[in-house]
Amino acid sequence: MLSVIVGRTGPFTGQSVVLGEAPLTFGRKSDNDVIIVSVSASRFHAEIVAENGMYVLHDRGSRNGTFVNEQRVERHELTPGDTIRIGDETFLFETQEAVETVMDLSQMDLPRANAVVDPGVLRVTVTGGGPVGLAFALLLEEALTGRVAITVYDGRWVRDGTSVIWKDAAQGNVRRQQVVTVQSRQYLALTQEMQTAMFGDSSHFAEMWPLGPDSVDGRPPRNIRIAYIEDQLLELANRKPAIRLVPKRFDPTEQGQLIARDHVLVISEGGRSRTREHFADRFGMADASIYSLDGEHLQDVVLGLKVKSRLSDPMSVLLTVAQNRFLLNSLRGEGFLNMRLTREEARNVIGIDPVRQVFEECIAARPCLMSRHEDNEFACPTHGTLFLPALLRSSPLWKRILEGLRLFDVPEEDLSAITSFRLDMVQRPRFTAQLTRPTADHPGTYGFLLGDAANAIHFWPGRGLNSGLASAVSLARSLSRVWRGRPLRDADFIRHEAAMSMLQYRHKSRAWNAMVTTDERGVTRAIKDIIDASMDVTAKPEAGGAAQQKPSGPAAAPASVSTSAGADLEILLDRMRSIRERLASRMPGLPDDNVLRAHLSTLAPATLRTLQESGAWDTLIVGGEEADIDIFYQQDAPVFVPTSPNPPQPLPDPRTSVLLDPA
């Protein structure tokens, strides 16, 4: 008989968690299974562990104690009816049978063992209810109306009456306010209902970037906040009887029996998906070696600065594509200014616990969003840490952050939060796998990787949603074409696997070229190392006239050195003139030379040198069309069938290989 923990008071009221073999942890840290937002709770407060056929509650050295039936305990063997109190929140320990007598199981998110299953209904479980998981569910619900039952799990939700909504910061969920750029090729593939929900109110999106080679039907890319997309899609999903929303994190170990009863398991939890790792033997291990330079796997760390810029969109676009250090992606000036960090700068992205006086890497490892408080403090609400570089106003990293704000005309007081991103690249061998085989009692389950769980190789923050939406469109189309009430087969997903391989190829080629550059001598170097070398060059030339340069590691080659800020400024202006000529016909309002010169002249010489040395965005490489999913789902569309046992290679597609300027 299943044992469950049910929320009685606090943010988890009415929610339940099924206990299994894995420990269930409680605390304020975001990596706990149950996040307790009460200030009385410790970071790792307590846990429930299976011991000798019983469930035992352990206090893990909490400051304010763990209580069962209002008695403080360090270890307690739980029995049905026990009430657990941690901080200001209480939970009930019960069996499923007992709970069924007082609460409708649909509110408990537990399966009915004797549920009648319609053999003509496709049963789908989706792990992760972000934009990709919700988009897939809504697309499939419309394509198979009346013939599909979809369950979506996400631990960032909470039940509110008969609906499911996103938790807020007080409930341990800091919403993503990043602005993402959605290409028209992707948003036009969504249902009309989804497009209306996302873009029906023009105040919630902007068309900052000009028409490019991937603009379909003359529709430009659209900048929109990811939190708004999540809100709109979740609201739509609440209205669909075929979509059941479960406000808890999916656990593949505990839900093994559920997986075997479904036809499809869609894994869209993001790049750190636990469900994907649980099935690593089915999907295969990712290969990072092809993204290595001089034997080192390349990663970039990007600092995300939540800002409000006073520049016009044309000016922001021009400044962004003219250098590789900063990128502003915003909605009418409000968004995130993304700053590429050197290795040393990345090591300085750290928080400090002001009480215990110890360093914490929550902003670099989770990452967390640190919001601005008084006295230049940026605080993490989950871990109680402060952003250390902001406290040390003379630190090199903080000075460079302020220079980035100056570049995009952001007053220091309009920097309201700081987070970080890690740009990583791997090659995945496959995106589709049979998890269980058909039996007399089970249909056989196929698993699919979508979104960041499949392709976490975006070439810059805010651009990965395009591949995620494309992967959702492809799988929904594949399933709607092949579902006939019979067990699914590998052959049913040849088109989808080919489309996913094309998406991986498109993004990995852009990611690589956005992280490295090759000079005229054929030497390939990481852009972050070029930036680092530009800051190591001393401004004072020696008697012989040549500037000194300190070595910056084995990956660094001698940098071309500008001998004065004036020379760097002229190089940047010349670069911007060339970009402006390309954009002029597609983007009115671009600044002239006098405006650019006056603006750039306010920057420190060291900043000008770094911007100049970083080079312009290689838009001929990172631009061009997004992968076109439509080509695999047209009548008589070609599909890729491997002729050897080696993993399939990406399909060459002339439309994605044309090197054009997206801006």
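Residues numbered from 1 in each chain as written. Predicted model: local features only at pLDDT ≥ 70, side-chain atom pairs only at ≥ 80, totals over all residues. Heavy atoms only, no water.

1. What about the overall build of the protein chain?
Each helix and strand counted, the protein chain has 22 helices and 37 strands in total. Every one of the 663 residues in the protein chain was classed for burial, and the buried ones make up 56%. Sequence-distant contacts, at least 24 apart, represent 69% of the contacts inside the protein chain between residues at least 6 apart. Here the protein chain has roughly 27,700 Å² of accessible surface; of this, 51% comes from carbon and sulfur atoms. (Helix = DSSP H or I, 4+ residues; strand = E, 2+ residues; numbered from the N terminus. Buried < 20%, exposed > 50% of the residue type's maximum accessible area, 1.4 Å probe, protein only. Contact = heavy atoms within 4.5 Å. Areas by Shrake-Rupley, 256 points an atom, 1.4 Å probe, with all protein chains shown as cover.)

2. A word on the side chain of glutamine 195
If you trace the backbone, glutamine 195 turns up in helix α5 (residues 192-199). For glutamine 195, a relative accessible area of 12% puts it in the buried group. Within polar-contact distance, the side chain of glutamine 195 engages the backbone oxygen of tyrosine 187 at 3.4 Å. Residue contacts for glutamine 195: discarding those within four places in its chain leaves Tyr187, Leu188, Leu190 and Gly200. (Polar contact = N/O pair within 3.5 Å; in protein donor to acceptor, adjacent residues only side chain to side chain.)

3. Comments concerning unusual backbone geometry
Of note in the backbone geometry, asparagine 69 takes a positive phi value of approximately 50° without being a glycine. Mapped onto the elements of the fold, asparagine 69 is located in the loop between β7 (66-68) and β8 (71-73). What makes asparagine 69 partly exposed here is its relative accessible area of 41%. Although it is not a glycine, glutamate 70 sits at a positive phi angle of roughly 70°. Mapped onto the fold, glutamate 70 is located in the loop between β7 and β8.

4. Points about the packing of aromatic side chains
This model, assessed by the stated rule, comprises nine aromatic pairs. Here tyrosine 446 and phenylalanine 493 contribute two aromatic rings whose centre-to-centre distance is 5.5 Å and whose plane-to-plane angle is 50°, an arrangement assigned as tilted. Highlighted residues: tyrosine 446 in strand β33 (residues 445-449) and phenylalanine 493 in the loop between α15 (465-482) and α16 (494-515), separated in sequence by 47 residues. When the centroid spacing of 4.8 Å and the interplanar angle of 70° are considered together, the rings of phenylalanine 448 and phenylalanine 493 count as edge-to-face. Of this pair, phenylalanine 448 sits in strand β33 while phenylalanine 493 sits in the loop between α15 and α16, placing them 45 residues apart in sequence. An identical accessibility class is assigned to phenylalanine 448 and phenylalanine 493; each is buried. Put simply, the rings of Tyr187, Phe199 and Phe205 pair up and form one aromatic cluster. Looking at arginine 85, its charged tip hangs above the ring of phenylalanine 67, at a distance of 4.2 Å from the centre. When the ring centre of phenylalanine 199 is taken as reference, the NZ or CZ atom of arginine 222 above it lies at 4.8 Å. (Phe/Tyr/Trp six-rings, centres within 6.5 Å; stacked < 30°, edge-to-face > 60°. Lys NZ or Arg CZ within 6 Å of the ring centre and 35° of its normal.)

5. Some details on helix α18 (residues 565-583)
Here α18 is 19 residues long and its end C-alpha atoms lie 27 Å apart, about the 27 Å a rise of 1.5 Å per residue gives. Those residues of α18 not exposed but buried are Asp568, Leu569, Leu572, Leu573, Arg575, Met576, Ile579, Arg580 and Leu583. Angular distribution of buried residues about the axis of α18 spans 170°; they occupy a single face of the element. Turning to α18, the residues buried within the fold contact α10 (313-321), α19 (593-600) and α20 (605-614). (Expected span 1.5 Å × (residues − 1). Arc of directions from axis to C-beta.)

6. Points about the state of the cysteines
Across all of its chains, the model carries zero disulfides by this definition. The structure places no disulfide on cysteine 362, whose sulfur is separated from the nearest cysteine sulfur, that of cysteine 380, by 4.1 Å. For cysteine 362, a relative accessible area of 3% gives the class buried. No disulfide involves cysteine 368; its sulfur sits 3.8 Å from that of cysteine 380, the nearest cysteine. Owing to a relative accessible area of 8%, cysteine 368 belongs among the buried residues under this scheme. (Disulfide = S-S within 2.5 Å.)

7. Observations regarding the nonpolar core
Among the nonpolar cores identified, the biggest contains 79 residues, and Leu122, Val124, Phe136, Leu140, Ile150, Leu245 and Leu479 are the most heavily contacted of them. Of the residues forming this core, the biggest block, nine residues, is contributed by α15. Both domains that furnish three or more residues to this core are identified here as domain 2 (122-290 + 426-512) and domain 3 (299-423 + 582-632). Apart from residues lying up to four places away in sequence, phenylalanine 136 is in contact with Val124, Val126, Val266, Leu450, Ala472, Leu475, Ala476 and Leu479. Among the nonpolar cores identified, the runner-up in size contains 52 residues, and Leu319, Leu337, Leu397 and Ile401 belong to it. (Core = buried A, V, L, I, M, F, W, Y, C linked by side-chain atoms within 4.5 Å. Domains from an automatic or database assignment.)

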